[in-house]
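Spelled out, the chains give:
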Amino acid sequence: MDPLTKPTVRPTGAGEMFQLLRDGRPRTRSELAQVTGQARSTIAARIDHLLALGLVGPAGEATSTGGRPPATFAFQPSARIVLAIDLGATHARLAVTDLGSTVLAEHQEPITIAHGPGPVLERAAAVGRKLVDQAGRSMSDLVSVGIGLPGPVDHATGRPTNPPIMPGWDDTDVPGIVRGLLGVPVLVDNDVNIMALGEHRAEFPEVDHLLFVKVATGIGAGVISDGTMRRGAQGAAGDLGHIAVPGGRDLLCRCGNTGCLEALASGRAIATALAEQGVEATSTSDVVALVRAGDLRASQAVREAGRDIGGVLAAAVSLLNPSVIVIGGNLAEAGEHLLAGIREVVYRRSLPLATQHLRIVASRTRGRAGVLGASAMAVEHVLSAEAIEGWVQ
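What you see is a predicted model, and the numbers here were worked out from it, not measured in a lab.

Caption draft 1: The arrangement of the pairing of strand β5 (residues 91-98) in detail. Burial analysis of β5 places eight of its eight residues in the buried class, which makes it a mostly covered element. As paired strands, strand β4 (residues 81-87) and β5 are joined by seven bridges and run antiparallel to one another. Counted as the bridge partner of Ile 85 is Leu 94 from β5. The loop that links β4 with its antiparallel partner β5 comprises three residues. Here β5 pairs with strand β6 (residues 103-110) via seven bridges, running antiparallel. Bridge pairing links Ala 92 to Glu 109 in β6. The antiparallel hairpin formed by β5 and β6 contains four residues in its connecting segment, where Ser 101 sits at a positive phi of about 60°.

Put into structure tokens, the structure is as follows:
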């Protein structure tokens, strides 16, 4: 039986104490007793439980104040591993990480999400097994899987909810399928949410109010407010791609409405517009390559897309008042043309108070935001106080 699903026996409090050690700083039994108010004997018993699990290990000796130096203990992130899966409309990126979200092995390949959950998830599980082997670990070390999907997800169940670019995925039991393939708990969220989480944890841990905007085949945002991910009532918070662009063209969107941001400013929309001008472009990657090659029409199209995105983000800035907006996704690789268009409109249309200290920056995780966020989501699940208590026998 999976150790994370074993019935919890008499609570030991080891899970709560472990949370104090997760920052990685070595502590003595005496320090832990002072912080918790617990008896030294109780602390010793809980340390023994965590040592047995491998989650905590000896970390040398503290400075002696007389007599034998006391031993210190610290979190051991290498004790277990998780699998992080970031699925987009046309790509998959996977990584095996330790419990500190340090990447041990990773892989990226093109996919077609419209092929359906069976083929896509079976391929992801197969690649995941190979990555575990590449990392020099065994499947017995794997304790959880985190997955990001390119569409709305009911976070409580992990099931996609009417995803517009994922035919055949609606209400699919993604956690159940992947757990059946890999045998461990599975957490699922919208891909932009996990990208926001990954960028926040890795690059902006001190920022409490962050908006991550993914601009690729689709457009969406992950909202972090007061340091917490905000998903909304049905998990649809941050769906910028289907907000109408102020003064925008009346183009039909895949959602059935017209004038949506995604229909005007996504990588696919820009490629379509360029193709109508006789420019060879069929994908976001083509658009990025053209901009990098100095193509004037592509550069102008990307900058105009930035302005359209900025028009929608200006409203988001007034509503949410973030201190950082991070622009990621494949189209962000086009560089400053996209950012310049966004900044131009956001700073012009938003109130000075909201933009006084606002930073609009490119993603710093170099394409890893999704897998880092999926890893963090999986790690949070398995290292929660409740989960740790479930491990203790």
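Caption draft 2: Representation of the nonpolar core. Of all hydrophobic cores here, the largest spans 43 residues; its most connected members are Val 213, Ile 309, Leu 313, Ile 325, Ile 327 and Leu 338. Secondary-structure elements contributing two or more residues to this core are β11 (210-215), β12 (219-225), α7 (261-265), α8 (267-276), α9 (284-292), α10 (296-320), β14 (324-328) and α11 (336-349). The dominant element in this core, judged by the number of residues it contributes, is α10, at eight residues. In this structure Leu 313 touches Leu 211, Val 213, Leu 240, Ile 325, Ile 327, Ile 342 and Val 346, once residues within four positions along its chain are discounted. In this structure, Ala 92, Val 96, Ile 147 and Val 188 belong to the second largest nonpolar core, which totals 32 residues.

Caption draft 3: Representation of the sheet that holds β12 in the model. Taken in spatial order, the five strands make up an open sheet running β13-β12-β11-β14-β15, and their pairing is mixed. On the outer flanks of this sheet lie β13 (228-230) and β15 (359-362), each paired with one strand and no other. Each neighbouring strand pair of the sheet contributes to a mean axis angle of 25°, computed without reference to strand direction. Bridge analysis of β11 against β12 gives six bridges, and the strand direction is antiparallel. By the bridge assignment for β12, Phe 212 is matched with Gly 222. Relative to β11, α10 is tilted by about 160°, and along the sheet it contacts β11, β12 and β14. Packed on one face of the sheet, α11 meets β11, β14 and β15 and runs near 165° to β15.

Caption draft 4: Highlighting unusual backbone geometry. Residues other than glycine seldom take positive phi values, yet Ser 101 does so here, at roughly 60°. Along the polypeptide, Ser 101 turns up in the loop between β5 and β6. A relative accessible area of 19% places Ser 101 in the buried class. In this structure, Arg 366 takes a positive phi of about 55° despite not being glycine. Within the secondary structure, Arg 366 sits in the loop between β15 and α13 (369-382).

Caption draft 5: Region of interest: the side chain of Glu 262. Within the secondary structure, Glu 262 sits in helix α7. With residues up to four places along the chain from it excluded, the contact list for Glu 262 reads Thr 217, Gly 218, Ile 219, Gly 241, His 242, Arg 254 and Ala 269.

Caption draft 6: Spotlight on the packing of aromatic side chains. As enumerated under the stated definition, the model contains one aromatic pair in all. Consider the rings of Phe 18 and Phe 75, whose centres lie 5.4 Å apart with planes at 80°: the pair is edge-to-face. One end of the pair, Phe 18, is in helix α1 (residues 14-21); the other, Phe 75, is in strand β3 (residues 71-75), and 57 residues separate them in sequence. Just as Phe 18 is buried, Phe 75 falls in that class too.

Caption draft 7: Just the sheet that holds β5, in detail. Strand order in the open sheet formed by five strands is β6-β5-β4-β7-β10, and the pairing between neighbours is mixed. Strand pairing shows two members of the sheet lacking a second neighbour, β6 and β10 (186-190), which therefore form its edges. Strand-to-strand, the axes of this sheet are offset by a mean angle of 15°, without reference to chain direction. Contacts from helix α6 (residues 191-203) reach β4, β7 (142-149) and β10, with the element oriented near 100° to β10.

Caption draft 8: Here's a closer look at the environment of Val 56. Structurally, Val 56 can be placed in strand β2 (residues 56-61). Take Val 56: its relative accessible area is 3%, and that puts it in the buried class. Sequence-wise, Val 56 and Ala 79 are 23 residues apart; in three dimensions their C-alpha atoms are separated by 8.3 Å. Here Val 56 is in contact with Phe 18, Leu 21, Leu 50, Leu 51, Phe 73, Ala 74 and Gln 76, once residues within four sequence places are set aside.

Scoring rules and cut-offs
Residues numbered from 1 in each chain as written. Predicted model: local features only at pLDDT ≥ 70, side-chain atom pairs only at ≥ 80, totals over all residues. Heavy atoms only, no water. Buried < 20%, exposed > 50% of the residue type's maximum accessible area, 1.4 Å probe, protein only. Helix = DSSP H or I, 4+ residues; strand = E, 2+ residues; numbered from the N terminus. Pairing = 2+ DSSP bridges. Core = buried A, V, L, I, M, F, W, Y, C linked by side-chain atoms within 4.5 Å. Contact = heavy atoms within 4.5 Å. Axes fitted to C-alpha atoms, helices over the stretch in contact; angles between N-to-C directions. Phe/Tyr/Trp six-rings, centres within 6.5 Å; stacked < 30°, edge-to-face > 60°.

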